[in-house]
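So you can see what is in the structure, the chains are spelled out below.
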Amino acid sequence: MMSKRHLLLVLYSVCGTVIKEAATKSKAKGSQGQFPVTQNVTVVEGSAANMTCRVDYNDNTSLQWSNPAQQTLFFGDKKALRDNRIELVRASWKELTISISDVTLSDEGQYTCSLFTMPVKTSKAFLTVLGVPEKPEITGFTRPAVEGEEVTLTCTTSGSKPAANIRWFRNDKEVQGVKEVNATGRSFVVRSTVRLQVDRNDDGAAYTCSVEHVALNSTPHQVTEVLEVHYAPQVEIVHSLIVPQEGQYFKLECVSKGNPLPEPVLWTKDGGDLPDVERMIVEGRELIITSLNKTDNGTYRCEAHNHLGSNSDEYVLFVYDPNALTQHSPDHALIGGVVAVVVFISLCFIIVLGRYLARHKGTYLTNEAKGAEDAPDADTAIINADGNRAHAEEKKEYYQGAARNVVHLKSENLGFANNYTLREEYVRCIM
């Protein structure tokens, strides 16, 4: 009997140990799977934020959300904090999701999801709230400005988080500004300043301040200031005819620019009033002469004024006689033909002279040297140089005949013919 009891005790002891170890392992396995999982959330101020906590294994243990101040928001499906903005979205053994509507910057912080096991397990989730920048405002410009004056434009926006970025544009072309950032609580005030010395080209220029921020979804806030700059007049006279002729309709326009716009303009002729108001009509900035004649010749002046100064321009009018223009108009075709003939003749003369000089270089000195001692004149010397005295009279008569033919030519064409040989060559060329 004793041995049987001892055996039963041993068996009970072994079974109890096995069962205890199995229970311990099972409990440890379940505890390892009960860890809450959360994610950080980023939302824009004024929108809603959903906070979700999940667990893979749960043995009927409750989940809880608490805010950065460690105040319980929901314990399971039970609401613990009286805040109408906080609502339950989903509650189960494996998930607890709550929603915070109309989020403000003060809602930003670290939220905690707790799983009430032994010990309690927690997971953190950070809620980031983006502060939306307010619409910008441009200050510092007092309208109107005067040409040469220094103007300061300041663009300001507040409420942004993180700090917004400001860009300046002048008629769609970017210009640089000086940026300043100041913190006010959880948000920032951002300013940007542009300084410029205005001139007449700035009159009507549009300066745009553009505020860019991640909370604006690539659609920046913009505000535009159109500059108004006052400046003295600028005047120019534009005429309607290039060659004014008698009897024609003629118009002079006084193109005047200025701010304020000079109105009206003053027309004068030769320093005095317009002499013929019936033919010379002033309409606004235009001076119209209905029918030109010679008496309209003179200097016409247009003058414009505003409170910043005055300016003027002049036009000298000379009226032409249409008949005289027709009679004395040059015949360009005739002039061109004459020029061509003169050039051709000149070229022929140069070629003839060149050929002669090339063929008879040194002939004059050689022929006059031969027989020069016995010859009474140059003609006889040239004949004697040929060695044919029997025909001297015949050659002399030939040269004299050629000389008589040459006499009928113009003297300017014979200036180079200083001996009979040169004259003979020239006569042969022109025959």
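Draft legend 1. Molecular detail of the overall build of the chain. Looking only at helices and strands, the chain has seven helices and 25 strands in total. Looking at the 431 residues of the chain, the share that counts as buried comes to 33%. A separation of at least 24 residues holds for 59% of the contacts in the chain among residues at least 6 apart in sequence. Accessible surface, the chain as shown: approximately 27000 Å² in total, 53% of it carbon and sulfur.

Draft legend 2. Expanded view of the state of the cysteines. If you walk through the whole model with that rule in mind, you get three disulfides. Covalent S-S linkage joins Cys-155 and Cys-209, the inter-sulfur distance amounting to 1.8 Å. An S-S torsion of about -70° defines the bridge between Cys-155 and Cys-209 as left-handed. Linking Cys-155 in strand S12 (residues 150-160) with Cys-209 in strand S17 (residues 206-212), this pair joins segments that are 54 residues apart in sequence. Given a relative accessible area of 0%, Cys-209 falls into the buried group. The cystine pairing of the chain, numbering bonded cysteines in sequence order, is 1-2, 3-4, 5-6.

Draft legend 3. Main features of the sheet that holds strand S21 (residues 266-269). Taken in spatial order, the three strands make up an open sheet running S21-S24-S25, and their pairing is antiparallel. In the strand order of this sheet, the two ends are held by S21 and strand S25 (309-317), each with one partner. Geometrically, the sheet is characterised by an average inter-axis angle of 20° between neighbouring strands, direction not taken into account.

Draft legend 4. Spotlight on the confidence of the model for the chain. Per-residue pLDDT for the chain has a mean of 80; in total, 73% of the residues score no lower than 70. In this model, residues 1-32 is a region of pLDDT below 50 whose contacts with residues beyond four sequence positions or in other chains number one contact. Under a pLDDT of 50 for its full length, residues 401-423 has, in the predicted model, 22 contacts with residues more than four places off or in other chains.

Draft legend 5. Main features of the pairing of strand S8 (residues 109-115). S8 sits mainly inside the fold: six of its seven residues count as buried. Inspection of the sheet shows strand S3 (residues 63-66) paired to S8 by four bridges, in the antiparallel sense. Among the inter-strand pairings, Gln-64 is bridged to a residue of S8, identified as Ser-114. As paired elements, S8 and strand S9 (residues 121-130) share seven bridges and run antiparallel to each other. Bridge pairing in S9 links Gln-110 to Phe-126.

Draft legend 6. Broad picture of the pattern of salt bridges. Per the counting criterion, the structure on display carries 18 salt bridges. Of the charged contacts in the structure, one is a salt bridge between Glu-225 and Arg-143, with a shortest N-O distance of 2.7 Å. One end of the pair, Glu-225, is in strand S18 (residues 221-226); the other, Arg-143, is in the loop between strand S10 (137-139) and strand S11 (145-146), and 82 residues separate them in sequence. A salt bridge links Arg-301 to Glu-314, with the nearest nitrogen and oxygen atoms 3.0 Å apart. Separated by 13 residues along the polypeptide, Arg-301 in strand S24 (residues 298-306) and Glu-314 in strand S25 bring together distant segments of the chain. In this structure Arg-301 comes out as partly exposed when scored by relative accessible area, which is 29%.

Draft legend 7. Spatial organisation of the packing of aromatic side chains. With the rule as written, the count across this model stands at three aromatic pairs. The interplanar angle of 75° and the centroid separation of 4.8 Å between the aromatic rings of Phe-318 and Tyr-320 together place this pair among those described as edge-to-face. On the basis of relative accessible area, Tyr-320 is assigned to the partly exposed category, the value being 33%. Note that Lys-121 overlies the ring of Phe-35, its terminal NZ or CZ placed 5.3 Å from the centroid.

Draft legend 8. View of the pairing of S12. Sheet topology note: the S10/S12 ladder contains three bridges and is antiparallel. Looking at the pairing, Thr-139 lines up with Thr-154 of S12. Here 10 bridges tie S12 to strand S16 (residues 187-197), and the two strands are oriented antiparallel to one another. Its bridge partner lying in S16, Cys-155 is registered against Ser-192.

Draft legend 9. Quick peek at the environment of Trp-168. Here Trp-168 shows up in strand S13 (residues 165-170). Using a relative accessible area of 1% as the deciding quantity, one classes Trp-168 as buried. For the pair Trp-168 and Tyr-207, spaced 39 residues apart in sequence, the C-alpha separation works out to 7.0 Å. Among the polar contacts made by the side chain of Trp-168, one reaches the side chain of Ser-192 at a distance of 3.0 Å.

Draft legend 10. Summary view of the nonpolar core. Membership of the largest hydrophobic core comes to 22 residues, with the highest contact counts inside it found for Val-43, Met-51, Leu-63, Trp-65, Ile-98, Tyr-111 and Leu-127. Counting residues per element, the ones that place at least two in this core are strand S1 (41-44), strand S2 (49-54), S3, strand S4 (72-75), strand S7 (95-100), S8 and S9. By size, the runner-up hydrophobic cluster in this structure holds 19 residues, among which are Leu-153, Cys-155, Tyr-207 and Cys-209.

Here is what the cut-offs are and how they apply
Residues numbered from 1 in each chain as written. Predicted model: local features only at pLDDT ≥ 70, side-chain atom pairs only at ≥ 80, totals over all residues. Heavy atoms only, no water. Helix = DSSP H or I, 4+ residues; strand = E, 2+ residues; numbered from the N terminus. Buried < 20%, exposed > 50% of the residue type's maximum accessible area, 1.4 Å probe, protein only. Contact = heavy atoms within 4.5 Å. Areas by Shrake-Rupley, 256 points an atom, 1.4 Å probe, with all protein chains shown as cover. Disulfide = S-S within 2.5 Å. Pairing = 2+ DSSP bridges. Axes fitted to C-alpha atoms, helices over the stretch in contact; angles between N-to-C directions. pLDDT = per-residue confidence, 0-100. Salt bridge = Lys/Arg side-chain N within 4 Å of Asp/Glu carboxyl O. Phe/Tyr/Trp six-rings, centres within 6.5 Å; stacked < 30°, edge-to-face > 60°. Lys NZ or Arg CZ within 6 Å of the ring centre and 35° of its normal. Polar contact = N/O pair within 3.5 Å; in protein donor to acceptor, adjacent residues only side chain to side chain. Core = buried A, V, L, I, M, F, W, Y, C linked by side-chain atoms within 4.5 Å.

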